[in-house]
Structure formats: structure tokens, C-alpha cells
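Single-letter residue listing:
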Amino acid sequence: MKVLVIGGDGYCGWATALYLSNRGYDVGILDSLVRRHWDLELGVETLTPISSIHQRIQKWQKLTGKQIDLFVGDINNYDFLQKSLREFQPEAVVHFGEQRSAPFSMIDREHAVLTQTNNVIGNLNLLYALRDDFPDCHLVKLGTMGEYGTPNIDIEEGYITIEHNGRTDTLPYPKQPGSFYHLSKVHDSHNIQFACKVWGLRATDLNQGVVYGVLTEETGMDEMLINRLDYDAIYGTALNRFCIQAAIGHPLTVYGKGGQTRTFLDIRDTIRCVELAISTPAKSGEFRVFNQFTEMFSINDLALKVKQAGIALGLDVEINTIDNPRVEAEEHYFNAKNTNLLNLGLQPHFLSDSLLDSLLNFAIKYQHRIDRAHILPKVNWKRL
Ligand SMILES: NC(=O)c1ccc[n+]([C@@H]2O[C@H](COP(=O)([O-])OP(=O)(O)OC[C@H]3O[C@@H](n4cnc5c(N)ncnc54)[C@H](O)[C@@H]3O)[C@@H](O)[C@H]2O)c1
């Protein structure tokens, strides 16, 4: 099957592209490389030194004999997008190619507008390009569990059946996103659902939890295939960030009360979930939603786990509570369903001591690359 991975130079996209290529899929990567540009603009760097996309792909071909086609450009450029799709002729498109940081989207008006135009218009362009040339192609789109917010009832997978004034209907699950980034994902979901309804496209929205980990079988084959590991306060996700803080003796920074509960998954499960989605495509006209995560933890739970793993490695780990720069409930009910992917055969890699060990060892190995100036949050949700 021909699979185009949009955003294939990024954290999830790179691991997915290599995994699918290794499994015999014919893979293309489309990426504008804008994430590398945003890193430069913010003055941040991934902890792990990543090679250029060209070097990465060459190394992959040398090691495995497998070719990955590369299309460098922006999906907001419709001509480029259409031309690339026509050249590659995808049967499935996996769309990771968005601005994905909530703090980035909350820096100021410019970054909010950039996030929403980049994400919403890029995705809308893709829907039109599929409608016009590849109406049968399966779109697998990365959404986020953050679209739902933290409602005081169980979170279903995309839809909820409601009884109201004696009548019953199954409706999109209510969305209460927590940043302009998360809002862009909600807008994407609505646009995709509408396109499936009116044009008969087939799509799967993967509402993904927070991803952690750096190693997959493929990215671990050679130093030149290494994946990115973000630790800064803009792009670093909670667990990756805590491990890096522990490695350099910086207190773990828990925002507010730390009772914020979120969903998580190992990068090795991200790539498997994508494969499960593309190998059992949505039907024509169907907008399918899967909640893509394996476990739920509060931020306090995570900090404690990292502290325990750090102490076992001889590190001195302290946990600090700092003012929460975000506006969010810090103690709340949270229970989300995730049975769709498990029913398709996902066998989760749960967060284990050995995974924490491996993350901490990465952090120790590359600690000379850590810039302490980027650890504490500088973006505040309120206008301070
Ligand atoms: N990392 C997580 O924990 C996480 C959690 C939930 C959802 N997601 C979603 O998964 C996707 C991938 O996340 P990631 O962590 O790999 O992000 P990332 O920033 O590492 O990768 C995104 C890639 O998309 C590319 N890109 C962005 N805009 C583009 C455009 N207009 N045209 C072409 N390429 C473009 C970037 O250059 C980058 O290489 C995102 O959509 C994100 O919202 C990620």
C-alpha cells in the first residue's frame, strides 16, 4: 500500500514513516521542515542531535534497501500539495503535519493565527486535494485527546448518544479544548467530518494522548536515524521534560496542584495504532474517531514515577510545584474510553521502569546539549 506521511520529518511522523517502510508499505514523506525553522526561531533544539531529512532517508535506504520518496513543501501551498499527491498516488495519507504545541499557540496573536492558519487551512487543502484526485484514499488524521477537555463525565470515542426531551441521537462528543492549538484540532475534526458527509471521503481521526519515548526498532538502528526529543517548555511533553530535568538535577516542574490528568502512550504504540488504522480503512463517507492512548496519569503521578526511577539510577530528584501558566482544572474527574484500537489488536507498551530508564539514560547521555534557559515556562495563558 502507498502511504504518504505528511509531517514525516517530525517526532511521530519520522518513527511512523520508518516503521511502515520496514513493514513493507511504500512510503513517501511530505514535510515543509517548518518545525526545524520554529526551533531556530525560538532558540531551542531537540536533546538528541537529528540529521537532515535527506541524510536520514539516505541512511535508511543504505541500511535496509528501502526507498522513501521525499516531497519538501507546505500543504498550505495548494499547487505543491496537488502536484505531490499526483506524483505519489497515495492509497492512504497519514497527516501529522501541523503546529503541535499549545504554549506556542498561546505566545501572542501572531502565533495563534499562525497555528490556526497552518493547521486548519493545510488540512482543508488536503481535503480538497483528496476530493478532486483521490476520493477513495483513506485519510488518517492526527487529532488530540485535548480536544475533549476535562468534562465531568466519561469521554467516549468521538460520539455520544444523548437523550433529550424524550428524543435520542448520537452526536459528536462535546469539545472543550484548552488552547488555540487544541481549537485548531477541533476545527480540523469538524471540517473532516463535513467532507466525509458531503463528498463521501473516508477518514479516521486519531485523538492521540501525549506521546513519550524516543526509541523504536527502526530509529534505534543507527545514530543517524535518531528521533527528536524535545524538552523545552514550548515543545517538550510532560514525561520527556521530567526525565531531562531529573538527569541534570533540575527540580521537576509540576504546574499548579498537579492533579491534571491526561492520557499517554509510548511512541511504539503511536506507530502501531497508525498501522492498525490504515490496514482497516474507514468506509466511504465514514468519519471514524479513535482515542489513541494506553494509560491515564496525573502530572503528580508522572513526577513521582520519574523521581523513583531517577533515585534508582543514583540521581537526586526533587519535585517542585510552580505557578500554573495555563488555565486548566487542576483537580478534576477524568475517564476516557480507548477500546477501538484495542479491539483492532493494539498490544500496549505500558509505562515501565525500563522505559523510564531508557529515557533517563538518553537524557544523561546528551545532557551537554541541554540549555537550562528553556526549562521554565515563559508563556502564560492569561495576559500578564
Ligand atoms: N507529540 C505528541 O505528544 C502528540 C500528541 C497528540 C497529538 N499529536 C499530533 O501529532 C502530530 C505530530 O506531532 P509531532 O509531535 O510529531 O510534531 P512535530 O512538530 O515533531 O512534527 C510535525 C511535522 O509537521 C511538519 N509540518 C507542520 N506544518 C506543516 C505544513 N503546513 N506543511 C508540511 N509540513 C508541516 C513539521 O515541519 C514537522 O516536521 C501533530 O498533528 C500533533 O498535533 C502529537
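Scroll up to find the structure.
Keep in mind the model is a prediction, meaning the values are calculated, not measured.

> Any details on the site of the ligand? Residues and values, ideally.
Neighbouring the ligand are 27 residues; Gly7, Gly10, Arg35, Gly97 and Arg100 lie closest to it. Those elements that provide at least two residues to the shell around the ligand are helix H1 (11–22), helix H2 (34–42), helix H6 (109–133), strand S5 (138–144) and strand S9 (210–212). Across the shell around the ligand, the residue classes tally to 9 nonpolar, 12 polar and 6 charged.

> A description of the sheet that holds strand S13 (residues 295–298) should follow, citing residues and the corresponding values.
Pairing between sheet strands relies on hydrogen bonds along the backbone, with the strands arranged either parallel or antiparallel. The strand order across the open sheet formed by 3 strands is S9-S11-S13, and the pairing between neighbours is mixed. At either end of the open sheet lies a strand with only one pairing partner, and these are S9 and S13. Pairs of neighbouring strands in the sheet enclose a mean axial angle of 45°, with direction left out of account.

> For the pairing of strand S1 (residues 2–6), give the residues involved together with the corresponding values.
Summarising burial for S1: 4 of the 5 residues are buried, a large majority. Pairing of S1 with strand S2 (residues 26–31), which is carried by 5 bridges, proceeds in the parallel orientation. Looking across to S2, one finds that isoleucine 6 is bridged to leucine 30. Regarding the hand of the β-α-β motif, the stretch spanning S1, H1 and S2 is right-handed. Across 4 bridges, S1 lies against strand S4 (residues 92–95) in parallel orientation. Each bridged residue has a counterpart across the sheet, and for leucine 4 the counterpart in S4 is valine 93.

> Pulling in residues and values, what's your account of helix H12 (residues 353–365)?
Counted at 1.5 Å a residue, the expected span for H12 with its 13 residues is 18 Å, and the 18 Å between its end C-alpha atoms agrees. The complete set of buried residues in H12 reads Leu355, Leu356, Leu359, Leu360, Phe362 and Ala363. Down the axis of H12, the buried side of the element spans an arc of 155°, and every buried residue falls inside it. Turned more than 90 degrees from where H12 packs its buried face, Asp353, Ser354 and Lys365 sit exposed.

> Before we move on, could you go through the sheet that holds S4 and cite the residues and values that matter?
Taken together, 7 strands build an open sheet; the order of strands is S3-S2-S1-S4-S5-S8-S12 and the sheet is parallel. The open sheet is flanked by strand S3 (69–72) and strand S12 (287–292), the only strands paired with a single partner. On average, each strand axis in the sheet is inclined to that of its neighbour by 20°, with strand direction left out of account. Bridge analysis of S4 against S5 gives 4 bridges, and the strand direction is parallel. Paired with valine 93 across the strands is leucine 139, a residue of S5.

> Pulling in residues and values, what's your account of the packing of H1 against helix H9 (residues 267–279)?
The geometry of H1 relative to H9 is characterised by a closest axis approach of 9 Å and an angle of 60° between their N-to-C directions. The pairing of H1 with H9 is recorded here as oblique in orientation. Considering how the two elements wind past one another, H1 and H9 form a crossing that is right-handed. Judged by residue contacts, Cys12, Ala15, Thr16, Tyr19 and Leu20 of H1 engage Ile267, Thr270, Ile271, Val274 and Glu275 from H9. Among the residues forming the contact of H1 with H9, the class breakdown is 7 nonpolar, 2 polar and 1 charged.

> Quick one: what's the story with the pairing of S12, residue by residue and with numbers?
Across the 6 residues of S12, 6 count as buried, placing the element largely inside the fold. Because side chains alternate across S12, one face comprises the buried residues Phe287, Val289 and Asn291, and the other comprises Arg288, Phe290 and Gln292, equally buried. Where strand S8 (residues 202–208) lies against S12, 6 bridges are found, and the strand directions are parallel. Looking across to S12, one finds that threonine 204 is bridged to arginine 288.

Each value, and the rule that gives it
- What you see as residue numbers is a count from 1 along each chain, following the sequence as written.
- Local features are withheld for residues below a pLDDT of 70 in this predicted model, meaning they are given only at 70 or higher, and side-chain atom pairs are given and counted only at 80 or more; totals for whole chains, interfaces and linings count all residues.
- Residues are classed as near a molecule or strand if the C-beta position derived from their backbone is within 6 Å of it.
- A helix here means a DSSP run of H or I that spans at least four residues, while a strand means a run of E at least two residues long, and both kinds are numbered starting from the N terminus.
- Residue polarity follows a fixed list, in which Ala, Val, Leu, Ile, Met, Phe, Trp, Tyr, Cys and Pro are nonpolar, Asp, Glu, Lys and Arg are charged, and the others, Gly among them, are polar.
- We call two strands paired when DSSP finds no fewer than two bridges between them.
- To define axes, lines are fitted to C-alpha atoms, for helices over the stretch in contact only, and angles between the resulting N-to-C directions are given on a 0 to 180 degree scale.
- Whether a residue is buried, exposed or partly exposed is read from the other C-beta atoms within 10 Å of its own C-beta, which are placed from the backbone; 20 or more gives buried, 12 or fewer gives exposed, and intermediate counts give partly exposed.
- For a crossover, the right-handed case is the one in which the path from the first strand over the helix to the second runs clockwise, viewed with the strands pointing away from the viewer.
- Here, expected helix span is obtained from the residue count minus one, scaled by 1.5 Å.
- To obtain the arc, one takes the directions from the helix axis to the C-beta atoms.
- Orientation categories follow fixed angle ranges, with anything under 35 degrees roughly parallel, anything over 145 roughly antiparallel, 65 to 115 roughly perpendicular, and all other angles oblique.
- Left-handed describes a crossing whose near helix is turned anticlockwise from the far helix through less than a right angle; right-handed describes the clockwise counterpart.
- Here, residues touch in the contact sense if the C-beta positions derived from the backbone fall within 7 Å of one another.

It is worth stressing that arrangement in space is one thing and function is another; only the former is reported here.
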